[in-house]
Amino acid sequence: NCSLNTTTNHLRHVESMAVLPSGAGKIPRLNAVILGEALASEEDDLVFPSDDFARQALLPSAQKYLEMYKRSVEDPAGFWSDIASQFLWKSKWGDTVCSENFDIRNGNVYVQWFKGGITNICYNCLDRNVDSGNGDKIAFHWEGNERGFHDSLTYTQLLSQVCQVANYLRDIGVKKGDAVVIYLPMLMELPIAMLACARIGAVHSVVFAGFSADSLAQRIMDCKPKVVLTCNAVKRGSKVIHLKDIVDAALSESAKNGISSAVLHIAYSFGILTYKKTPLVSKDVVPTYSTICEVEWVDAEDPLFLLYTSGSTGKPKGVLHTTGGYMVYTATTFKYAFDYKPSDIYWCTADCGWITGHSYVTYGPLLNGATVVIYEGAPNYPDPGRCWDIVDKFKVTIFYTAPTLVRSLMRDGDAYVTRYSRKSLRVLGSVGEPINPSAWRWFFNVVGDSRCPISDTWWQTETGGFMIAPLPGAWPQKPGSATFPFFGVQPVIVDEKGVEIEGECSGYLCVKSSWPGTFRTLYGDHERYETTYFKPFPGYYFSGDGCSRDKDGYYWLTGRVDDVINVSGHRIGTAEVESALVSHPQCAEAAVVGVEHEVKGQGIYAFVTLVDGIPYSEELRRNLITTVRNQIGPFAAPDRIHWAPGLPKTRSGKIMRRILRKIASRQLDELGDTSTLADPGVVDQLIALADC
Ligand code: 6R9
């Protein structure tokens, strides 16, 4: 039972709320229970914020949220420019706060926020906090993989280190607009490198250090960076990974494709743990640079970073974010969705290789002057209690993680949690995939001792920041629902024809009109940007997710509806895994689908056909998995290889994935109509081989 409060508490909460203004138009339909106009009869699935929490919350009531939300969609320019004015701008934006075309039928899609405004996000993250007297506040607490290794930097110290790296980059020729690839583990130097790029106007592209040399090379070849920043090695859990060797392999691969000239390689070694294998140049060099570095002032619409993400075709997409809108949006979403207060100690377990580590390890928290915990290692190393050990050590108040970790810790048992105090915690957060209600309840009851609201934040690499997320304190939560849209976000649910559906419904999740954190394009491929996101349902941005809205107006995300699978919160394109599999000389064809996985959310299930005359064997199975690990990275390794003499195809040669999904999940009585297959007999063969 996770109902936090007694009815009496609920009554008090309700009494503290005012009454909904009528005629709110497209304002979320919060029902009477949430607005406090009526008493809940169906309150069982609602979890109310405690009185203590609501009293201190930035947004203490649904009423307050509605007021702000209403303004944010009726007067977006006014709403966002009031917030933007709290940052430092060298000069203000022009008269047009936002200019956009979100409707493909009216011509090319484009989005601009605060165009003409001149600023620098690194300045706003660091100098602004130092100048306002917070220089001695801790910016980062770093916890190493091994217990006992830790370090901290104040805002002043962080600024100095960022300046040294920025000066170093400038010195070796990196200029405004140049791309810089960063391939580093979770050391403080990773956000330092990002901030250093931002300071000099260079465009960073962080590649998650779990990606293979091939994947890294693919990204290097796409964005042609001037520099690749890496370190010699990292220890993750008990394994040592030689990152420098991976970068060397990637660089020689990209050199074969003729872009070596654009790449300047520096080995960059950081941290307490160093495993010297190759000589390192910059460990001794960077500290010799000045700790003062002039800021490169940039336009709000100048690019800040590229981040590659998976799509439904094999080639990763370079999602491009610009400076001003992203800055305002990540700062604001961070503040409200986590009910951030200056006394908070915030820990997000995401790696900076993903968007969450950009928006909610680095930019969002630092823009708010927050103290951020960064953890280098695996969350269950050396045992499943490590997270709570870290929470107690740094007195973490806001803990933001992914459902896959929640489920895996839940499986390890409560004792690993309850042996730690965790009393500093006050807000929990979840991101990356839908959180199932049982994991939500465990997170709430066991980790949060039934005290801490959970911010289940739905958003994407493309959206830059939170889109649908609870504002803790403002309304009751429902386990498993991301609740309501953030300020300025207008979600719509459409049917297959792209017609907007009102009220209680299920369909495809789209967004009407832009928000400041919207991505602006896919690097070098604006056409793919339009085709992927704006053509499927003209008039809207299409998220690729399915969604339903219940009678109370709560949004429930149901997962991807395209050929993207979500494994432990990592987006993986089925086409990427397929192309890795068929690169094996003995594999003729591959079809990959997602299947439910108890811990990872989804697992990767691969059907393969072999080249004529090649027998299937255990050795081949292992080799196929190794091929995927080497080409993409260990996190994309198939959980299951299913040998298939043939794949179910339509007469026009299209693989019927719907049928493969049913076979993979063993829902054999739900195969549906197989009569349109070119060879219906293939299905029986596949079923017969399912447990080989
Ligand atoms: C931030 C991030 C985006 C995809 C997205 C959706 C899934 C993320 C979610 C969620 C349900 C949540 N997703 N958060 N689904 N509830 N709270 O994860 O970005 O890596 O681009 O993935 O993740 O399917 O479309 P990204």
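Here the residue numbering is sequential within each chain, running from 1 through the sequence in written order. Local features in a predicted model are, by the rule used here, given only for residues with pLDDT of at least 70; side-chain atom pairs are given and counted only at 80 or more, and totals for whole chains, interfaces and linings are based on all residues. Water and hydrogen atoms were dropped before computing side-chain values, which therefore reflect all heavy atoms in the structure.

If DSSP finds at least two bridges between two strands, the strands pair. Only DSSP runs of H or I reaching four residues or more are called helices, and only runs of E reaching two or more are called strands; each is numbered from the N terminus. Taken in spatial order, the five strands of this open sheet run S21-S20-S22-S24-S25, and their pairing is antiparallel. At either end of the open sheet lies a strand with only one pairing partner, and these are strand S21 (500-501) and strand S25 (555-560). Looking at chain direction, strand S24 (residues 541-549) and S25 are connected through five bridges and run antiparallel. Note that in S25 the partner of glycine 546 across the bridge is glycine 559.

Another aspect to go through is the site of the ligand. We call a residue near a given molecule or strand whenever any one of its heavy atoms falls within 4 Å of it. Looking at the ligand, there are 17 residues lining it, with Asp456, Thr457, Thr461, Asp545 and Arg571 nearest. Contacts described as polar in this section are N or O atom pairs within 3.5 Å, which, within protein, must combine one atom able to donate a hydrogen with one able to accept it, while residues neighboring in sequence count only if both atoms come from side chains. Threonine 457 places a polar main-chain atom, nitrogen or oxygen, 2.7 Å from a nitrogen atom of the ligand. Elements with a contribution of two residues or more to the shell around the ligand: helix H14 (355-367) and S25. Classification convention: Asp, Glu, Lys, Arg as charged; Ala, Val, Leu, Ile, Met, Phe, Trp, Tyr, Cys, Pro as nonpolar; all other residues, Gly among them, as polar. Residue classes in the shell around the ligand are distributed as six nonpolar, six polar and five charged.

Another aspect to go through is helix H16 (residues 403-412). For every residue, the accessible area obtained with a 1.4 Å probe (protein chains only) is divided by the maximum for its type, and the residue is called buried under 20%, exposed over 50%, and partly exposed between those limits. Along H16, seven of the ten residues are buried, which leaves the element largely enclosed by surrounding structure. For H16, the complete set of buried residues consists of Pro403, Thr404, Leu405, Val406, Arg407, Ser408 and Leu409. Glycine 413, located one to two residues past H16, shows a positive phi value of around 100 degrees.

Listing the buried residues of helix H5 (residues 76-84) in full gives Gly78, Phe79, Trp80, Ser81, Ile83 and Ala84. Should any heavy atoms of two residues lie within 4.5 Å, those residues are considered in contact. Residues of H5 that are buried make contact with helix H4 (62-74), strand S2 (110-113) and helix H13 (324-337).

Another point: the nonpolar core. Across soluble globular proteins, nonpolar side chains have a tendency to be buried as a group. The nonpolar core is taken to be a set of buried Ala, Val, Leu, Ile, Met, Phe, Trp, Tyr and Cys residues, with the residues joined through side-chain atoms within 4.5 Å. Membership of the largest hydrophobic core comes to 173 residues, with the highest contact counts inside it found for Phe487 and Leu581. Counting residues per element, this core draws most heavily on helix H8 (residues 155-171), which supplies nine residues. Not counting residues within four places of it along the chain, the set of residues in contact with phenylalanine 487 comprises Leu59, Tyr65, Met68, Tyr69, Ser72, Phe79, Trp80, Tyr329, Tyr336 and Leu471. Counting residues in each nonpolar core, the second largest holds 31 residues, with Phe394, Val406, Leu425 and Val447 among its members.

Before going further, it helps to examine the packing of aromatic side chains. Ring pairs are drawn from Phe, Tyr and Trp, using the six-membered ring of Trp, whenever the two centres fall within 6.5 Å, and their geometry is named by plane angle: stacked under 30 degrees, edge-to-face over 60, tilted for the rest. Counted under the stated rule, the structure contains 56 aromatic pairs. Taking the centre distance of 6.0 Å and the plane angle of 90 degrees together, the rings of tyrosine 329 and phenylalanine 486 count as edge-to-face. One end of the pair, tyrosine 329, is in helix H13; the other, phenylalanine 486, is in the loop between strand S19 (454-456) and strand S20 (490-494), and 157 residues separate them in sequence. On the basis of relative accessible area, tyrosine 329 is assigned to the buried category, the value being 0%. Assessed through its relative accessible area of 0%, phenylalanine 486 is described here as buried.

This part covers the pairing of strand S18 (residues 427-430). Alternating positions in S18 separate into two faces, Val427 and Gly429 on one and Leu428 and Ser430 on the other, with burial throughout. Pairing of strand S17 (residues 398-401) with S18 involves four bridges; the strand directions are parallel. Across the sheet, residue tyrosine 400 finds its bridge partner in S18, namely glycine 429. Pairing geometry for S18 and S19, over three bridges, is parallel. Note on S19: the bridge partner recorded for serine 430 is aspartate 456. Taken together, S18, helix H18 (residues 437-447) and S19 form a β-α-β motif whose crossover is right-handed. Consider the strands pointing away from the viewer: the crossover is right-handed when the path from the first strand over the helix to the second runs clockwise.

Turning our attention to empty space enclosed by the protein. Points on a 1 Å grid, built from protein atoms alone, make a cavity when a 1.4 Å probe fits but cannot get out and make a pocket when they are open with protein on both sides within 12 Å along at least 5 of 7 lines; residues with an atom within 4 Å of a point are the lining residues. Grid points are joined across faces, edges and corners, and a volume is the space filled by probe spheres set on the points. In this structure the tally under the stated criterion is six cavities of 30 Å³ or more. In this structure, the largest cavity encloses a volume near 70 Å³. A per-class count over the lining of the largest cavity returns eleven nonpolar, three polar and one charged. Estimates place the volume of the second largest cavity at around 60 Å³. If you go around the second largest cavity, the residues you meet are Asn120, Ile121, Ala198, Gly201, Ala202, Val298, Pro303, Leu304 and Thr323.

We now examine the environment of tyrosine 183. Along the polypeptide, tyrosine 183 turns up in strand S6 (residues 179-183). As for tyrosine 183 and glycine 672, which are separated by 489 residues in sequence, their C-alpha atoms are 46 Å apart. Non-local contacts of tyrosine 183, meaning those with residues more than four positions away in its chain, are made with Val207, Phe208, Ala209, Phe211, Leu216, Leu229, Thr230, Cys231, Leu243, Ile246 and Val247. A polar atom in the side chain of tyrosine 183 sits 2.6 Å from the backbone oxygen of phenylalanine 211.

Any cysteine sulfur atom paired with another within 2.5 Å is treated as part of a disulfide. In total, this model carries zero disulfides according to the counting rule given. As a non-bridged cysteine, cysteine 505 has cysteine 547 as the owner of its nearest cysteine sulfur, 7.9 Å distant.

Salt bridges are identified by distance alone: a Lys or Arg side-chain nitrogen within 4 Å of an Asp or Glu carboxyl oxygen. Applying the stated rule across the entire model yields 35 salt bridges. The salt bridge involving glutamate 500 is made with lysine 512; its shortest N-O contact spans 3.6 Å. Residue glutamate 500 is located in strand S21, and its partner lysine 512 is located in strand S22 (residues 505-512); the two are separated by twelve residues in the primary sequence. On the basis of relative accessibility, which here comes to 24%, the residue glutamate 500 falls in the partly exposed class.

Our focus in this paragraph is the UniProt feature "domain: Acetyl-coenzyme A synthetase N-terminal" (unreviewed entry) in the protein. In the numbering used here, UniProt assigns the feature "domain: Acetyl-coenzyme A synthetase N-terminal" (unreviewed entry) to residues 65-125. Along residues 65-125, the helical share is 39% and the strand share 16%, with 27 Å between the first and last C-alpha atoms. UniProt positions are given in the numbering used here, feature names are shortened, and annotations may be inferred rather than shown by experiment.

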